[in-house]
Amino acid sequence: VGIASMFLGITAYGFLYWIPSYLYKERAMSLSTASFNALCFPLAGALGAIAAGWASDKFFRSKRKPVILIMISSAIILTFIFPYLSGFNRLLIIPVLLLLGFMVDGPHILFGMTFAIDYGKEKSAAIAGFINSLNYLGSAAGIFVAGQLINRLGWQYVFYFWTGSLLLSVLTISVKKK
């Protein structure tokens, strides 16, 4: 679970840190417009966190894995197509960022909080700390790698990197039994 969370963190924090710059430099938005559009990601993420917990309890009898797989699989598609959509039609940027934030932060909360509680109340704080520490390590490494990719290969490769990270998150959590 911690490793899956680590790969998710690469993309989650990558979008949080790099999307304003991408919108400013690649989509020729003003800095204030790019920053405003980038707000869609974390705002929708808050709703995704609530929805993921609710959906796992309501539809999957408190099983987290199905919701995580659905949400991250959706985020894989959205991350891969984002640079094409945002280049094609600027009106698509906000809805896609809203969907991405929703689909990425839902699993984030399931990884960091509910799995810890599911594993046992006596050790839930230690488990949450372990899972979240791997998420933050992934995010730190991912932010650095994204900057290197942008400098050396261009923005398109960052989206491939983020898509690959989400794919690794899905593959890693897929081997978990429940």
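Residues numbered from 1 in each chain as written. Predicted model: local features only at pLDDT ≥ 70, side-chain atom pairs only at ≥ 80, totals over all residues. Heavy atoms only, no water.

Caption draft 1: Looking closely at the side chain of Thr79. Considering the arrangement of structural elements, one finds Thr79 in helix H4 (residues 65-88). Within the structure, Thr79 has its side chain in polar contact with the backbone oxygen of Ala75 (distance 2.8 Å). Once residues within four sequence positions are removed from consideration, Thr79 is found in contact with Thr11, Phe15, Leu100, Phe159, Trp162, Thr163 and Leu166. (Helix = DSSP H or I, 4+ residues; strand = E, 2+ residues; numbered from the N terminus. Polar contact = N/O pair within 3.5 Å; in protein donor to acceptor, adjacent residues only side chain to side chain. Contact = heavy atoms within 4.5 Å.)

Caption draft 2: Summary view of the confidence of the model for the protein chain. Looking at the protein chain as a whole, its pLDDT mean stands at 92, while 98% of the residues score no less than 70. Between the elements of the protein chain, mean pLDDT differs from a low of 90, seen in helix H5 (residues 93-118), to a high of 97, seen in helix H7 (residues 155-174). (pLDDT = per-residue confidence, 0-100.)

Caption draft 3: Structural context of the nonpolar core. Grouped together as the largest cluster of nonpolar side chains are 45 residues, with contacts concentrated most on Ile19, Leu23, Phe82, Leu100 and Phe111. Taken together, the elements giving at least two residues each to this core come down to helix H1 (2-25), helix H2 (31-38), helix H3 (40-59), H4, H5, helix H6 (124-152) and H7. Here this core gets 10 residues from one element, more than from any other, and that element is H1. Beyond its immediate sequence surroundings of up to four residues, Leu23 is in contact with Ala28, Met29, Ala34, Asn37, Ala38, Phe82, Ile93 and Leu97. (Core = buried A, V, L, I, M, F, W, Y, C linked by side-chain atoms within 4.5 Å. Buried < 20%, exposed > 50% of the residue type's maximum accessible area, 1.4 Å probe, protein only.)

Caption draft 4: Spatial organisation of the pattern of salt bridges. Scanning the entire structure with this criterion turns up one salt bridge. For Asp57, the salt bridge is made with Arg64, and the minimal N-O distance between the two is 2.8 Å. Asp57 gets classed as partly exposed once you look at its relative accessible area, which sits at 43%. Classification of Arg64 by relative accessible area gives buried; the value is 9%. (Salt bridge = Lys/Arg side-chain N within 4 Å of Asp/Glu carboxyl O.)

Caption draft 5: Layout of the environment of Ile77. Following the sequence through the fold, Ile77 ends up in helix H4. For Ile77, a relative accessible area of 53% puts it in the exposed group.

Caption draft 6: Representation of the packing of H1 against H7 within the structure. For the pair H1 and H7, interaxial distance at closest approach is 7 Å and the crossing angle is 155°. As the angle between them shows, H1 and H7 are arranged roughly antiparallel. In this structure, the crossing between H1 and H7 has a hand that is left-handed. Contact residues: Ile3, Ala4, Phe7, Leu8, Ile10, Thr11, Gly14, Phe15, Trp18, Ile19, Ser21 and Tyr22 in H1; Trp155, Phe159, Phe161, Trp162, Ser165, Leu166, Leu168, Ser169, Thr172 and Ile173 in H7. The residue inventory of the contact of H1 with H7, partitioned by class, reads 16 nonpolar, six polar and no charged. (Axes fitted to C-alpha atoms, helices over the stretch in contact; angles between N-to-C directions. Parallel < 35°, antiparallel > 145°, perpendicular 65-115°, else oblique. Left-handed = near helix turned anticlockwise from the far one by under 90°. Nonpolar A, V, L, I, M, F, W, Y, C, P; charged D, E, K, R; others polar.)

Caption draft 7: Looking closely at unusual backbone geometry. Here Ala28, not a glycine, exhibits a phi torsion of approximately 55°, which is positive. Locating Ala28 in the fold gives a position in the loop between H1 and H2. Here Ala28 falls in the exposed class, since its relative accessible area comes to 62%. Backbone geometry places Ser62, a non-glycine residue, at a positive phi of 65°. Within the secondary structure, Ser62 sits in the loop between H3 and H4.

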